[in-house]
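Listed here are the chains, written in short residue letters.
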Amino acid sequence: MVTTKTVWNHSMPNLRAHARLIRLEATSPMSGGILYFLGGYFVRFVRTLLLLSIWRAVFAQAGDGTASLDEVLRYTLVAAILWQQVDVQTTASVTFWEGTASSRFLRPLSVFGQYISETIGRWVPGLIFLSIPLALLSPVLGVDIMPTSSTTLFLFMVSLLIGILSGFAMDFILTGYIMVYLGNANYIASQIRAAFTMLLSGALIPLHLLPFGIGQALQWLPFATMASAPLSLYVGIAEDVGRMLLLQVSWCILLWLAAVYVWKKNRQRLVVLGG
Amino acid sequence: MVARRIIGLWSVYGRMDVMWLLKDFNNFALYTVTDAAINVASVAGIWLIAARFNGIGGMGIYQVLFMLGYSLMVNGLISTFFSFNVYFISRIIGRGQMDHVLIMPQPVWVTLLTEGFTPVSGSGVLLSGIGVTTFALSRIDNLVSVPFVIALVGCIGLSVIISLSFSFMWGSLAFYSPVGAEEVCTSAGSLSWLSGFPLNGLESVSKYVMLSVLPIGLYAWFPSMALMGLSSSLNIALLAFIALAYLSLVLFFFTRGLKHYVKNGSYRYLDRGHRR
């Protein structure tokens, strides 16, 4: 007879294994030396300061009819605080480049699950060394990041969760193709992906502030569901919250179906290079 | 004599780069296009903001575009002349590969100036920069003249010197801490990704920091403003002075570090060849 206790006992080893993966990845970036480790966060911190200063400069010069300076500053700072969550990059492409991906296929755990756990683990240092300090510094930076209401906060959290799930699926789809068709060049290809995704998802610039109607078109694409949707909701500039959440859920389901299909199809064609 | 040697070595490395192109065109195209695409994407965000707001902090759209082109040219020159980790010198030092440089029958600086020369595979960013700058200049009235072009070339050279010096200064740490500082140049170098950000909106203290100890503004914004007449042309002389100061500092730190390396060597590799 299957009881709650049996189910719990069967799932516990997996949970423990995933917790170990998270812990391992949370501490491994620090093995590369403190200068390298903190350097990346420092560059991101400086970039955030520069972005905030640019918004202040352009709004002082011209202003904008569709958003206020406060909203844009809040959007930019929250995007910087949640940079890892609104632009999900799993460890998959790096492991294929290094040749360490093969071990993920040998463990008695889901391959997707392992990469998700590793990625969550990698978020921990970023959270401690950049996200939390940035949030604490927000009053000094002159930006109010407090949510406007508890409903907004709840909707934002739902939207962010869907965005993160879509981000994982998108990364798996791209890695799934890249690893088979580009061989050992997959790392460089993933770099291109990262550069363009940041631009197209609204993680860098709020989509409604893009010129030539680009933002209007991008809002319907899956990239926007990862960053633009949750951030717009948080700031309070989302036009139709219901439609936005529906679009996010639809893209999330489609992306995961595609991710599972791509990995199933390409798994047998995979050659792990690198080393 | 030394000049002939440098040109001869550039010619050898250039031929090797072309051979890579002929040997594996797909990979060559992929890496070159990727490099250009990543760099163009890194400046596209700023240009889109400028296009939306008709400029940034007193700079017009095409003035911002000129600055972005300038930034791409600086990064492009670095990737053309200082590839293969020469720009990221801490990797060469930290991995014990300075031994390879020291056993060459020529001065260290000649090796470092020539062995990263990749005129074909490294030129994607440079060509994008030249294209963007040319287009921007074609849209700005009454700017291009012979003195302007000479000043532009000079300023780009100075920005490259500052960027290299900054990377080499941090990289010198790897002489003393090969493991801990092996990747320090990756962080120092990644500041160049921010070179396309205009500093117009920054308050004074941050602006001075980014024009001195953290020289992001010197990579493109500061010289571009002077070249376009948006700030005093004396700032070009100031840029030259800062470049000279950086060069003096890096010579001091790097030569001291190199002396330490010559005496102590690197302990990164075990006898079996594995890296510690």
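A quick note: this is a predicted structure, and the numbers were derived from the prediction, not measured.

What follows concerns the overall build of chain B. When its secondary structure is counted, chain B shows 13 helices and 0 strands. Scanning chain B from its N terminus toward the C terminus, one meets helices and strands in the order α-α-α-α-α-α-α-α-α-α-α-α-α. Viewed in the frame of its principal axes, chain B has a C-alpha envelope of about 60 × 45 × 40 Å. Among the 276 residues that make up chain B, the fraction classed as buried is 53%. Taking contacts inside chain B between residues at least 6 apart in sequence as the whole, the part at least 24 apart equals 77%. Summed over all atoms, the accessible surface of chain B reaches about 12600 Å², with 68% contributed by carbon and sulfur.

Turning our eyes to something else, we now look at the packing of helix H2 (residues 25-53) of chain B against helix H7 (residues 124-139) of chain B. A packed helix pair is summarised by two numbers, namely the angle formed by the two axes and the spacing between the axes. Residues and elements named next belong to chain B. The interhelical angle for the contact between H2 and H7, taken along N-to-C directions, is 45°, at an axis separation of 8 Å. Viewed along their axes, H2 and H7 adopt a mutual orientation that is oblique. Note that H2 runs across H7; the crossing there is right-handed. Mapping the contact onto sequence places Thr-32, Asp-35, Ala-36, Asn-39 and Val-40 in H2 and Gly-124, Val-125 and Ser-128 in H7. Per-class residue counts for the contact of H2 with H7 are 3 nonpolar, 4 polar and 1 charged.

Now for the pattern of salt bridges. Residue and element names in this part refer to chain A. Enumeration over the complete set of coordinates arrives at 3 salt bridges over all chains. Where Glu-25 meets Arg-122, a salt bridge forms, and the shortest distance between an N and an O atom there is 2.7 Å. On the criterion of sequence distance, the pair formed by Glu-25 in helix H1 (residues 4-27) and Arg-122 in helix H7 (residues 111-141) is long-range, its members being 97 residues apart. Judged by its relative accessible area of 10%, Glu-25 falls in the buried class.

All names here are of chain A. A surface patch of nonpolar side chains, amounting to about 670 Å² of accessible area, comprises Met-30, Leu-38, Val-124, Leu-127, Ile-128, Phe-129, Ile-132 and Leu-136. Of the residues forming the nonpolar patch, the biggest block, 6 residues, is contributed by H7. Within the secondary structure layout, Ile-132 lies in helix H7.

A few words on the nonpolar core. Among soluble globular proteins, nonpolar side chains are generally buried collectively. Ranked by internal contacts, the top residues of the largest apolar core, which has 149 residues, are Trp55(A), Trp263(A), Ile56(B), Phe66(B) and Met98(B). Considering each element in turn, this core owes the most residues, 12 residues, to helix H2 (residues 34-61) of chain A. Counting 5 residues, the second-largest nonpolar core is a separate cluster that includes Ile6(B), Tyr13(B), Val110(B) and Phe117(B).

Attention now goes to the interface of chain A and chain B. Bring the parts together and some accessible area is lost; that lost area is often taken as the interface size. The interface of chain A with chain B comprises 41 residues on the first partner and 42 residues on the second. Of the roughly 3200 Å² buried between chain A and chain B on both sides combined, carbon and sulfur atoms contribute 80%. For the interface between chain A and chain B, the tally reads 0 salt bridges. Linking chain A to chain B there are 1 residue pair in polar contact (both at pLDDT 80 or more). Tallying contributions element by element places H2(A) first for the side of chain A that touches chain B, with 18 residues. Within the side of chain A that touches chain B, the residues separate by chemical class into 28 nonpolar, 11 polar and 2 charged.

With that settled, the discussion passes to unusual backbone geometry. All names here are of chain B. Even without being a glycine, Phe-84 presents a positive backbone phi close to 50°. With respect to the helices and strands, the residue Phe-84 is situated in the loop between helix H3 (61-81) and helix H4 (89-94). You will see that Asn-85, though not glycine, has its phi angle at about 70°, which is positive. Summarising the element assignment, Asn-85 is placed in the loop between H3 and H4.

The subject of this paragraph is the packing of aromatic side chains. Taken as a whole and assessed by the stated rule, the structure comprises 30 aromatic pairs over all chains. Centroid distance Trp10(B) to Phe81(B): 5.4 Å. Interplanar angle 75°. Geometry classified as edge-to-face. With a gap of 71 residues between them, Trp10(B) in helix H1 (residues 2-23) and Phe81(B) in helix H3 connect regions that are remote in the sequence. A relative accessible area of 23% places Phe81(B) in the partly exposed class. Both rings, one in Phe252(B) and one in Phe253(B), keep their centres 5.4 Å apart while their planes meet at 70°; by these two values the pair is edge-to-face. Pairwise contacts between aromatic rings join Phe105(A), Phe112(A), Tyr115(A), Trp123(A), Phe168(A), Phe172(A), Trp256(A) and Trp263(A) into one cluster. Looking at Arg91(B), its charged tip hangs above the ring of Phe88(B), at a distance of 4.8 Å from the centre.

This part takes up the confidence of the model for chain B. The pLDDT averaged across chain B works out to 88; a share of 97% of its residues lies at or above 70. What the predictor reports for the complex is a pTM of 0.85 with an ipTM of 0.78.

Reading the values: the criteria
- Residues numbered from 1 in each chain as written.
- Chains lettered and ligands numbered in written order.
- Predicted model: local features only at pLDDT ≥ 70, side-chain atom pairs only at ≥ 80, totals over all residues.
- Heavy atoms only, no water.
- Helix = DSSP H or I, 4+ residues; strand = E, 2+ residues; numbered from the N terminus.
- Buried < 20%, exposed > 50% of the residue type's maximum accessible area, 1.4 Å probe, protein only.
- Contact = heavy atoms within 4.5 Å.
- Areas by Shrake-Rupley, 256 points an atom, 1.4 Å probe, with all protein chains shown as cover.
- Axes fitted to C-alpha atoms, helices over the stretch in contact; angles between N-to-C directions.
- Parallel < 35°, antiparallel > 145°, perpendicular 65-115°, else oblique.
- Left-handed = near helix turned anticlockwise from the far one by under 90°.
- Nonpolar A, V, L, I, M, F, W, Y, C, P; charged D, E, K, R; others polar.
- Salt bridge = Lys/Arg side-chain N within 4 Å of Asp/Glu carboxyl O.
- Patch = residues over 30% accessible without salt bridge, like charges linked within 9 Å, V, L, I, M, F, W, Y side chains within 5 Å.
- Core = buried A, V, L, I, M, F, W, Y, C linked by side-chain atoms within 4.5 Å.
- Buried area = accessible area lost by both parts, 1.4 Å probe.
- Polar contact = N/O pair within 3.5 Å; in protein donor to acceptor, adjacent residues only side chain to side chain.
- Phe/Tyr/Trp six-rings, centres within 6.5 Å; stacked < 30°, edge-to-face > 60°.
- Lys NZ or Arg CZ within 6 Å of the ring centre and 35° of its normal.
- pLDDT = per-residue confidence, 0-100.

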